[in-house]
Every structure is written in C-alpha cells, then in structure tokens.
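Secondary and tertiary structure notes
In case you want the letters, here they are:
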Amino acid sequence: MLPVHFYGRVEHTPEGVRWLDTQVVLAMPYDTPVPGYKNNTVNTMRLWSAKAPNDFKLHDFNVGGYIEAVLDRNLAENISRVLYPNDNFFEGKELRLKQEYFVVAATLQDIIRRFKSSKFGCRDPVRTCFESFPDKVAIQLNDTHPALAIPELMRILVDVEKVDWDKAWEITKNTCAYTNHTVLPEALERWPVSMFEKLLPRHLEIIYAINQRHLDHVASLFPGDVDRLRRMSVIEEGDCKRINMAHLCVIGSHAVNGVARIHSEIVKQSVFKDFYELEPEKFQNKTNGITPRRWLLLCNPGLADTIVEKIGEGFLTDLSQLRKLLPFASDEVFIRDVAKAKQENKLKFSAFLEKEYGVRINPSSMFDVHVKRIHEYKRQLLNCLHIITLYNRIKKDPAKAFVPRTVMIGGKAAPGYHMAKMIIKLVTSIGDVVNNDPIVGDRLKVIFLENYRVSLAEKVIPAADLSQQISTAGTEASGTGNMKFMLNGALTIGTMDGANVEMAEEAGAENLFIFGLQVEDIKALDQKGYHAQEYYDRLPELRQAVDQISSGFFSPKEPDCFKDVVNMLMNHDRFKVFADYEAYVACQAQVDQLYQNPKEWTKKVIKNIACSGKFSSDRTITEYARDIWGVEPCDLQIPPPNLPKD
C-alpha cells in the first residue's frame, strides 16, 4: 500500500520545500493480468483502490466522535468507489480531481520505486541519479485525466529527490507524452485554481512556476504579443481563474498526438495552433486501432473461420495480411461463404432480441446499426429524421416495394445530460409508433438497444449490415466502432470525419457510403451563418418530420414532450443536423439500392474486410513504441513454462 497526500500547507525552508499537515489516503494495488496472444507473455495492469489509514482521525474517538470518524473513513474510500460516466464533457467536481491525483500519485511512486531498485546499468545499491529515467520510463497521458503526472513528477524530483529544477523539467518532458482525444471545447478539463489551492497546494505552486517559465520563453520569441501570452497560458484569467490541463500537457510533453489523421491536423491548425507554431516537431498522428483477437476471432468465429480457410491464420497477428482476400472479392464461393456467416450472425442476434426484448424482427431485413455514446455531435437525431422519413414514405405509398430495415440505435447517456436523455426518449417513442403500425408491418422496425456495452457490442457488430458513423465533420476525433464494423463485414454510411477518412482511403471511397459537408464546408457555413429555418422551409420531407416531432405525433399523451429537441434543432444546433439531412437521405437511398443486389453488396463487404488491416491496435501500438516511447517492438515468443529455458 502506498500513501497519497491531500490538502495541507506548503512550507519553504532553506533545506527545500515541504508539504505538511496533509490528509493521507492509502492506495492498495490490484493487478489484472493481460495475456498476450499465443506468445506466453502476461503483462499486468495495476489499478488502485483507496483505503483509509488505520489511525485515520482516531483522535475523534477520544472526544466521542466515533460516528464522525467512521463517516470520514468512508469519504476517504469514496475516491475509488465510482467512475464519472461523462463522455466528452468536463464536470469540475472535487472528487474527480481527487481521483485523478490519487491514481497518478500512486502510479508514480510505483514507477520510481521500480526505477530505483532496478540495477540495470547502475552500480549504486539504490539509484539516486535520474539521468537515465526517460530511457527506462515512458508515461503516456491518455487524454488530460492523468495530466497531474507532470507536476507530481516535478514535485518528487525537486522536493524529494533534490534534483535541480531545470534538470527535473528536462527529465519530466522527455518522460511524458500526451494523446489528445477530443476537440470539443466543453470536454477540455479546466480546473478552478481555488480547488487546486485547497486540495493540492504544492502542485499549484509548481504549475505556476512551469507556466511562468513557459510564458517568459514565449514572450522572448514574440515580444509585445500579449494576446498570444493570454492564449498560451496554463492559467486562464476570468471571473474564476482556471488551470487549462491540455496546455499543461502540451508544455510538459515531448510528443503530442491526435488519434486519426484529420483529427491530428485539426489539433495543429486550431486547438493547439499557437503551440504548433512554437514547436511543430512535437506534433504527431497515431490513428487508433482495435484488437483483431476480440473484434474478429472472439466475437465473430464464423467469419474468422471463413477467412482462415482462404488465407491462413497469419492475419490475426498481422492484420495487413487481410489484403490477401482482395483476389477473392469476386469469387462466387467466397462471396457465398461470407454472406452465409453474416446471415448466421443475424439469425443468432434476432433470436437474442426476441428473447431479451420480445420483439420479432425480420432476419432478412437490413440491420442498420447506430451504436455509440448518445451525444448531439454523433447525431442520433439525423438518424431519427431518416427513420421518420422512411415511415412517412411507407404510409404515403403502402403498395410500393420497400427494402425492409431494422434500425437499431444504442448507447449510454451521462446522467446529467438532458438532451441525450431526450434523444433516447425520442428513439423509443418513434419505435412505439412505427413498430405498432400494421400498414408498416415488418418493413421497418426501430429498436433501442439498452445497456449498450462491450458484451452487447460483441453480439450486435457481427450481425450488422450497415454501420452509421454520421458525426458532423470535424467533431469525432477518431471513433473505433467504425473499425469494428468494417472488420466484421458491415458497410459504412458516414461523413468524412475521424477515422472514416482513412477507412475510405484504404478501401476506396466507392466502397463506403460517404455523404455530407466536409470540414472546410462546415467552416464556410459557420462564417456565413447556419440557419436551420432555411432547410426546414426548403425540404418538405424534413419539415413534415420535424412537425410530427413537435406536434406530439410520437408522444400523443405528452404533446410538448420533445419541444426542447425541436427548439435546439431549429435555433441552436451546433452540429448542423439539417445541413446534412438531404444528402444523408439520398445516400440512404443508394444503400437500399445496393442492398437489393446481395452479390454486389457482399463484394463491397469483402473489399472492406480486406482493407481493414491498418486499423489493428498492433499497428497503433507499434507506432507509439517506435515514434514516442523509443522502444523497438519485438514479436519474440518466450518458451512456455513447462519447457526448459535455453
């Protein structure tokens, strides 16, 4: 168990700085084994649980404060009790800051203990020289949540190990690297200085010192440019002074990366533009990946077997070998086998849905799947408008032939996110109307998949025909669901956003259904001004759908139920749902057309699977290792424990 300190005060003495009168919480390590695939290697992931020390406020017992002492004990242990479920949204709660520092402080103590006790290339009984620290240790800041690793490492080096500031800063920068995961302003962590002052007083001093040196450097390069200093400061002035954690990460790291090519460009051109101008060599791209072991072999054994029969098992550890499937894209037998694997997955998932939801669905209908966190920028509302449009078309001309669809939308919403909850309510309300309309029959079904999680994803993704990746261009950093669907033989309908751009590049844009405004168009529209009313007036099908939502057609018992949703769409929609509606509906018509030709559809599926090799996490991690951590990956297989070592 390791001690983690909170609160207290800072004392500056001739011997150095001391952080005193702190409240101590103990961190108890829990190791989860992470086995490698067929290489006899097991790594461990170390997580931490908070425990109150035994002498915690024990003096309270003497003054009859027994109950208070026990309650306080719970407060200490609350630190690791629950994870904040927000996605792409920052909530500045003190408990969250405690969690972030707790895990950073415990992990850094652990890292330094291991570094000091490893004798590699060192003759001292215990290492005291930190010169080689960055050669042995890499700290990857996965978003800004562990940003406190920067001031904490500085505190340990300067206050505890007595390394001089400049040397400590060089070690810290060479050790840390930062991965940015979002460009949405509401998602960036900005902690109130007042909260820091109370909870982590020494770290606040260190952050101020880091910022001062950083601003002095910027001022020397751009004399008189006060506005640039304000933009680049770690401390944001205002009615409430805040610490911009992303700025701290960029300053304190030797490498900064986005998670898809388009995202890494946006990071350089807008989010951290000033920092990129200062140190362009710092900025990199590392496109996300997914593991083919879970997201093909485990969740889709039927498809995996079909592929193994054609090209062997090599692709499971080198996914680029899937390209060997390209020559079979027109092979009648292979087309049939791939289609059969998909149909079996659909039958299996249909049975699951019938058992879990009591909904009967047509397994030969197109499985149109939109699963991800519920968020305005991911535009589940655009999907809803399309569903309503399809419904209205069927009602208008029931005799016409329609391609049957089962639309599945799933995802969790943060408990405090009102609009996300309204979106879920809208999906289920549309489902209530559509699914019970005898005129529609089984031509259109709408299902909200509840409690969407990895275990459910493992069932739904292999069964999907169409994958919806329809965020407003420039808002989805990467996405990885898009990759999972591609690998499992679904075709993508999507905007040129996140990793969709690279998926289209790998497979050929003609093998995806790409629609909608691109980043440049969105910028132009922002400058011109986006007016939802213009689209509403011009597009009768859109107008009809919006009117139905606002009039209570889908919520007859509560006609005003969706007024907030309609008001948002009409008056303050940051994500421009209406601007892409026309192109989206037209693109969906192309989807229908191709789906009626199963052979041509499956040809495109095979091309997608064959070109999904880039999106393996093996490739991603190899690039992090080579370009950021300075380690050469090796695929050496260690002998199993039952064989004698050489």
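In this text, all values refer to a predicted model and were calculated from it rather than measured experimentally.

1. A word on the domain arrangement of the protein chain
Structurally, the protein chain comprises domain 1 (2-285) and domain 2 (301-599 + 606-618). Summarising the inter-unit geometry, the C-alpha centres of domain 1 and domain 2 are found 39 Å apart. Opposite the 19 residues of domain 1 that make contact, domain 2 presents 22 residues. Both sides of the domain 1 and domain 2 interface together cover about 1500 Å² of buried area, and 55% of this is carbon and sulfur. Considering only the side of domain 1, the residues that lose the most area to domain 2 are Asp87, Arg261 and Ile262, jointly responsible for 34% of the buried surface there. The interface formed by domain 1 and domain 2 holds three salt bridges in total. Residue Lys38 pairs with Glu313 through a salt bridge whose shortest N-O separation is 3.9 Å. One can count six residue pairs in polar contact (both at pLDDT 80 or more) joining domain 1 with domain 2. The leading source of residues in the side of domain 1 that touches domain 2 is helix 11 (residues 261-271), at four residues. Across the side of domain 1 that touches domain 2, the residue classes tally to nine nonpolar, six polar and four charged.

2. Some points on unusual backbone geometry
Not every positive phi belongs to a glycine, and Tyr7 is a case in point at roughly 60°. For Tyr7, the location among the structural elements is in the loop between strand 1 (2-6) and strand 2 (9-13). The phi torsion at Arg379 lies on the positive side, around 60°, for a residue other than glycine. Checked against the element boundaries, Arg379 lands in the loop between strand 13 (366-371) and helix 16 (380-396).

3. With respect to the sheet that holds strand 11 (residues 256-258)
Pairing is parallel in the open sheet, where four strands are placed in the order 6-7-11-12. Single-partner strands in this sheet number two, and they are strand 6 (139-142) and strand 12 (283-285). Between one strand axis and the next, the sheet turns through 25° on average, direction left out of account. Here two bridges tie strand 7 (residues 176-179) to strand 11, and the two strands are oriented parallel to one another. Within strand 11, the residue paired with Tyr178 across the bridge is Val256. Running over the sheet, helix 6 (residues 165-175) touches strand 6 and strand 7 and is turned about 45° from strand 7.

4. Concerning the packing of helix 5 (residues 149-160) against helix 6
Where helix 5 meets helix 6, the closest approach of the two axes is 9 Å, and the angle between their N-to-C directions is 140°. Classified by the angle between their axes, helix 5 and helix 6 sit oblique to one another. For the crossing formed where helix 5 meets helix 6, the hand is right-handed. Residues Ile150, Leu153, Met154, Leu157 and Val158 of helix 5 form the contact with helix 6, whose own contacting residues are Trp165, Ala168, Trp169, Ile171, Thr172 and Thr175. Its residues assigned to classes, the contact of helix 5 with helix 6 comprises nine nonpolar, two polar and no charged.

The rules we used
Residue indices follow the written sequence of each chain, beginning from 1 at its first position. Only residues with pLDDT of 70 or above have their local features reported here, since the model is predicted, and side-chain atom pairs are shown and tallied only from 80 upward, although totals for entire chains, interfaces and linings are computed over all residues. Side-chain calculation: all heavy atoms of the structure are included, whereas hydrogens and water are not. Boundaries of every domain are those given by an automatic assignment or by a domain database. By definition, residues are in contact when any of their heavy atoms lie within 4.5 Å. Each of two parts loses accessible area, computed with a 1.4 Å probe, when they are put together; buried area is these two losses added. Whenever a carboxyl oxygen of Asp or Glu lies within 4 Å of a side-chain nitrogen of Lys or Arg, that contact is scored as a salt bridge. The term polar contact refers here to a pair of N or O atoms within 3.5 Å; inside protein, the definition further demands a hydrogen-donor-capable atom paired with an acceptor-capable atom, and it admits residues adjacent in sequence only when both atoms are side-chain atoms. Helix and strand assignments come from DSSP, with helices taken as H or I runs of at least 4 residues and strands as E runs of at least 2, each series counted from the N terminus. As a working rule, the residues Ala, Val, Leu, Ile, Met, Phe, Trp, Tyr, Cys and Pro are called nonpolar, Asp, Glu, Lys and Arg charged, and the rest polar, with Gly in that last group. By definition, two strands form a pair when at least two bridges between them are found by DSSP. Axis definition: a line fit to C-alpha positions, over the contact stretch in the case of helices; interaxial angles, taken between N-to-C directions, run 0 to 180 degrees. Just so you know how the angles are binned, under 35 degrees is roughly parallel, over 145 roughly antiparallel, 65 to 115 roughly perpendicular, and the rest oblique. In this scheme, a crossing is called left-handed if the near helix is turned counterclockwise away from the far one by less than a right angle; it is called right-handed if the turn is clockwise.

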